[in-house]
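Each chain, letter by letter, is given below.
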Amino acid sequence: MLELIVKEQRDMATVLILDDDLRLNQTMVRIMGRMGLEADSAATIAEARELMQGRAYKLVFLDVRLPDGNGLDILPEILDTPSRPEVVILTGKGDPDGAELAIHAGAWDYLLKPSSVKQTMLCAERALKYHKQKLVVEPASKIDLGSLVGVSPKMEACYEQIALAARSDSNVLITGETGTGKELFAQTIHKNCSRREFEFVPVDCASLNKELIESVLFGHKRGAFTGAERDRVGLVKVADRGTLFLDEVGDMNLDIQKTFLRVLQERAFRPVGDTKEVSSNFRLMAATNRDLDADIDQEMFRQDLLYRLKTIHIKLPPLRERDGDIKLLALFRVNQLARQYDREMTLAPESFDVLSAYAWPGNVRELFAVIETAFLHADGAAQIIPRHLPSQLRVAAMRAQVARVDGSSVVSERESGPDSLGMEAVKQGVSLKGFKGDMEKHYLEELRTVTGGDIKRMIEISGCSQSHLYSLLKKAGLSLK
Ligand SMILES: Nc1ncnc2c1ncn2[C@@H]1O[C@H](COP(=O)(O)OP(=O)(O)OP(=O)(O)O)[C@@H](O)[C@H]1O
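Residues numbered from 1 in each chain as written. Predicted model: local features only at pLDDT ≥ 70, side-chain atom pairs only at ≥ 80, totals over all residues.

### Considerations on the overall build of the protein chain
Now for step 1: When helices and strands are counted, the protein chain shows 21 helices and 18 strands.
Now for step 2: In the protein chain, buried positions account for 34% of the 481 residues.
Now for step 3: For the protein chain, the proportion of contacts with a sequence separation of at least 24, taken over those separated by at least 6, is 68%. (Helix = DSSP H or I, 4+ residues; strand = E, 2+ residues; numbered from the N terminus. Buried ≥ 20, exposed ≤ 12 C-beta atoms within 10 Å, placed from the backbone. Contact = placed C-beta atoms within 7 Å.)

### Focus: the packing of helix α13 (residues 325-341) against helix α15 (residues 363-377)
Now for step 1: Orientation of α13 relative to α15, taken along the N-to-C sense of each, is 45°, at an axis distance of 10 Å. Classified by the angle their axes make, α13 and α15 are oblique. Considering how the two elements wind past one another, α13 and α15 form a crossing that is right-handed. Facing α13, whose interface residues are Ile326, Leu329, Ala330, Arg333, Val334 and Leu337, α15 presents Val364, Leu367, Phe368, Ile371, Glu372 and Phe375.
Now for step 2: Per-class residue counts for the contact of α13 with α15 are 10 nonpolar, no polar and two charged. (Axes fitted to C-alpha atoms, helices over the stretch in contact; angles between N-to-C directions. Parallel < 35°, antiparallel > 145°, perpendicular 65-115°, else oblique. Left-handed = near helix turned anticlockwise from the far one by under 90°. Nonpolar A, V, L, I, M, F, W, Y, C, P; charged D, E, K, R; others polar.)

### A look at the site of the ligand
Now for step 1: In the region of the ligand, 19 residues are neighbours, and Val149, Gly181, Lys182, Glu183 and Val364 sit closest.
Now for step 2: Elements represented by at least two residues in the shell around the ligand include exactly α7 (182-192) and α15.
Now for step 3: Each of domain 2 (153-315) and domain 3 (322-475) contributes no fewer than three residues to the shell around the ligand. (Near = placed C-beta within 6 Å. Domains from an automatic or database assignment.)

### Brief notes about the sheet that holds strand β2 (residues 38-42)
Sheet strands line up and pair through hydrogen bonds in the backbone, either parallel or antiparallel.
Now for step 1: Strand order in the open sheet made by the five strands is β2-β1-β3-β6-β7, with parallel pairing throughout. In the strand order of this sheet, the two ends are held by β2 and β7 (109-112), each with one partner. With direction set aside, neighbouring strand axes in the sheet form an average angle of 20°.
Now for step 2: Pairing of strand β1 (residues 14-18) with strand β3 (residues 59-63) involves four bridges; the strand directions are parallel. Bridge assignment links leucine 18 to a residue of β3, and that residue is leucine 62.
Now for step 3: Taken strand by strand, helix α1 (residues 22-34) contacts β1, β2 and β3, and its axis lies near 170° from that of β2. (Pairing = 2+ DSSP bridges.)

### Things to note about the pairing of strand β8 (residues 172-175)
Now for step 1: Here β8 shows no split at all, with Val172 and Ile174 on one side and Leu173 and Thr175 on the other all buried.
Now for step 2: The pairing of β8 with strand β15 (residues 283-288) spans four bridges and is parallel. Paired with threonine 175 across the bridge in β15 is threonine 288.
Now for step 3: Where β8 meets strand β16 (residues 312-315), four bridges bridge the pair, whose relative direction is parallel. Within β16, the position partnered with leucine 173 by the bridge is histidine 313.

### Quick look at the UniProt feature "modified residue: 4-aspartylphosphate" (unreviewed entry) in the protein chain
Now for step 1: UniProt records the feature "modified residue: 4-aspartylphosphate" (unreviewed entry) at Asp63, using the numbering of this structure.
Now for step 2: Positionally, aspartate 63 belongs in strand β3.
Now for step 3: Overall, aspartate 63 belongs to the buried group, with 23 C-beta atoms counted inside 10 Å.
Now for step 4: Those residues in contact with aspartate 63 that lie beyond four places of it in its chain are Leu18, Asp19, Asp20, Gly71 and Leu90. (UniProt positions renumbered as here; feature names shortened; annotations may be inferred.)

### Section: helix α2 (residues 45-54)
Now for step 1: If you check which residues of α2 are buried, you get Ile45, Ala48 and Met52. Seen end-on, α2 carries its buried residues on one side only, within an arc spanning 55°. Among the exposed residues of α2, those pointing more than 90 degrees away from its buried face are Glu50, Gln53 and Gly54. (Arc of directions from axis to C-beta.)

### Considering unusual backbone geometry
Now for step 1: The linkage connecting lysine 113 with the following residue, proline 114, adopts the cis geometry, with an omega of -5°.
Now for step 2: Here glutamate 248, not a glycine, exhibits a phi torsion of approximately 55°, which is positive.
Now for step 3: Here glutamate 248 shows up in the loop between β12 (243-247) and α10 (254-266).
Now for step 4: Glutamate 248 gets classed as partly exposed once you count the C-beta atoms within 10 Å, which come to 19.

### Considering the sheet that holds β16
Now for step 1: One open sheet accounts for five strands, arranged β9-β12-β15-β8-β16; its pairing is parallel. Each edge of the sheet is formed by a strand with only one pairing partner; in this case those strands are β9 (200-204) and β16. Between one strand and the next, the sheet's axes are offset by a mean angle of 20°, whatever the strand orientation.
Now for step 2: As paired elements, β9 and β12 share five bridges and run parallel to each other.

Okay, structure coming up:
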């Protein structure tokens, strides 16, 4: 069976089709879609270059004759991009030499146009299989990313750092906004390093109060304090030969920071109420969403501790800066839920547009929560459509659309923060009624474009009754066509 089932990101490839025949492009995108692959298309070399800057393609279908040059000229450039894609040359009957030349220049294969759906799928499947194997034998990609999803250039750069951290035994500090995956990264490093047979021990420094933290970290002897009814092994000892992960390390109080610095130097400590020292050979990883340099200025964090923590420093980009990953993560989560609930579910293309227009201050955690809520709302439907998504996301998408249409005084949510549209309207002295009217009109225009004026779909997406929708269209001076 040729159909690939998308399970995880490693099975999910991004394909680029570069051909000036727009109908062929559309057909190829559809074929890739049937294989569960995401595909973009470009009609010129210039367009392809732009796309390649933002996305890491694993497979490129390349036409030889293009309006702005010969496809073979851009071949070395494609092969040299960080994701090192496989290239399949699309060649017409009259151009057999071009295909041969291309193979010599490093292309994976060629397809003679017009090729059958079966041939195309077979070719893509083989090229991707080869690509996967090729990456496995190369050092940085030996890493098992597990459930880490993302192919954006910024994430690819982070994977390089995971590989570096996994090969060493140095302390690692992971910083980034909340929900960017700091803990998942730490787990991934642990799973790939030589300590993986031993424990990964997370400690949430933010939730431990001053009284408890010493006992939790270092353990205690029976009778050390009221309520200490038996000996307790501390988490630092549990992490012996494994990894100790200090989450929210910026919230650790100054006294513990001082004690911990000593533990780091000696790899030994004294449990509460004990006279003997206990040793532990742990690897330290820590994470925070705070600006520790600013905390040092405020004397809330010790500089000497920070120096020790950040031998390897991985800075995770916020989700809004990971081009293409929102879509991939959303699909990944929908597939996870579909398996969990044993239900068929997909995301409608319009929903991707809505998800991409939002700024995601809570990053991947927020995205996953939104997808889960939408999944539950879509009960009985086969697709998650925009109406299943929270209203603040739909408003953000509408704002982005308005910004594109007006070109303009109104900027997108992503660039401007959630309240800017209303603020802009207020600054410009627009009445609430006028503001609502504008928004409504833009919404209806967009609804009409997306659905091609199909009234049934318009009702489904908007949640309005037929008569209400007609009256809104009339009020906005819009027809269905
Ligand atoms: N790249 C990713 N691929 C798949 N899942 C991810 C990714 N990044 C984050 N997640 C998921 O998002 C959720 C939040 O991730 P995680 O707890 O690692 O974030 P964090 O940065 O440690 O957050 P906080 O600072 O709030 O503790 C988890 O369910 C995690 O599995």
